[in-house]
Amino acid sequence: MLMPKRQKHRKVRKGKIRGVATSGNYIAFGQYALQAQGNERITARQIEASRQAMTRHIKRGGKIWIRIFPHTPVTRKPQDVKMGSGKGNPEFYVAKVHAGTIMFEMQGVPEDVAREAMRLAAHKLPVKTKFLVREEA
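Residues numbered from 1 in each chain as written. Predicted model: local features only at pLDDT ≥ 70, side-chain atom pairs only at ≥ 80, totals over all residues. Heavy atoms only, no water.

## Focus: helix H1 (residues 44–57)
Counting along an α-helix, one turn takes 3.6 residues, and residues three or four places apart therefore face a common direction. With 14 residues, H1 ought to run about 20 Å at 1.5 Å a step, and its terminal C-alpha atoms sit 20 Å apart, in line with that. What H1 keeps buried is the set Ala44, Ile47, Ser50, Ala53 and Met54. The inward-facing, buried residues of H1 abut strand S2 (40–43), strand S3 (63–66), strand S5 (89–97), strand S6 (102–107) and helix H2 (111–122). Within two residues after H1, lysine 59 carries a phi angle of roughly 50 degrees, on the positive side. (Helix = DSSP H or I, 4+ residues; strand = E, 2+ residues; numbered from the N terminus. Expected span 1.5 Å × (residues − 1). Buried < 20%, exposed > 50% of the residue type's maximum accessible area, 1.4 Å probe, protein only. Contact = heavy atoms within 4.5 Å.)

Quick look at the structure:
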């Protein structure tokens, strides 16, 4: 699973995810892309499940780029622990995704195969998505 090698702070505050993406909002590498339509936290497990679904559908042909990375740790307290006594320990990592962020890119496969692979990947994610095709200038 994806996680940072090292980080400046072990625990971070939750924060809000508002507005639209100002970076990572264009197709940079591939021919086809999956774009987020809402603001959401996407876990490393969800990213990995999406990647596996796409890779299996295209039968390891073509190339896939993952444009999001889970940098943010999410903490949880153990079950049956009373209120207070500080913040819990980091349990998993999430990527904060804004509306308009390109999450996955793909190339080297026909459009109908890419569209179906992205649809399968989108079912693994908690955010509404849109399939994009790069316009050649």
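## Re the packing of aromatic side chains
Within this structure, the stated rule accounts for two aromatic pairs. A centroid spacing of 5.8 Å and a plane angle of 15 degrees characterise the contact between phenylalanine 29 and tryptophan 65, whose relative ring orientation is stacked. Highlighted residues: phenylalanine 29 in the segment before strand S1 (32–36) and tryptophan 65 in strand S3, separated in sequence by 36 residues. Over the ring of tryptophan 65 we find lysine 63; its NZ or CZ atom is 5.1 Å from the centre of that ring. The aromatic ring of tyrosine 26 is capped on one face by arginine 67, whose charged end is 5.8 Å from the ring centroid. (Phe/Tyr/Trp six-rings, centres within 6.5 Å; stacked < 30°, edge-to-face > 60°. Lys NZ or Arg CZ within 6 Å of the ring centre and 35° of its normal.)

## Regarding the pattern of salt bridges
Taken as a whole and judged by the stated rule, the model has four salt bridges. The salt bridge involving glutamate 105 is made with arginine 67; its shortest N-O contact spans 2.2 Å. With glutamate 105 in strand S6 and arginine 67 in the loop between S3 and strand S4 (72–76), this residue pair connects regions lying 38 residues apart in the sequence. Here glutamate 111 ties to arginine 115 by a salt bridge, and the two come within 2.8 Å at their closest N and O atoms. A residue pair is termed a helical-turn pair when its members lie 3 or 4 positions apart in one helix, as glutamate 111 and arginine 115 do in helix H2 at four residues. Take glutamate 111: its relative accessible area is 34%, and that puts it in the partly exposed class. Classification of arginine 115 as partly exposed rests on a relative accessible area of 42%. (Salt bridge = Lys/Arg side-chain N within 4 Å of Asp/Glu carboxyl O.)

## Notes on the nonpolar core
Ranked by internal contacts, the top residues of the largest apolar core, which has 22 residues, are Ile42, Met103, Phe104 and Met106. Contributing elements (two or more residues each) for this core: S1, H1, S5, S6 and H2. The dominant element in this core, judged by the number of residues it contributes, is H2, at five residues. Leave out the neighbours within four places in its chain, and methionine 106 touches Gly30, Gln31, Tyr32, Met54, Ile58, Lys63, Ile64, Trp65, Ala114, Ala117 and Met118. (Core = buried A, V, L, I, M, F, W, Y, C linked by side-chain atoms within 4.5 Å.)

Geometric values such as these leave the question of function open.
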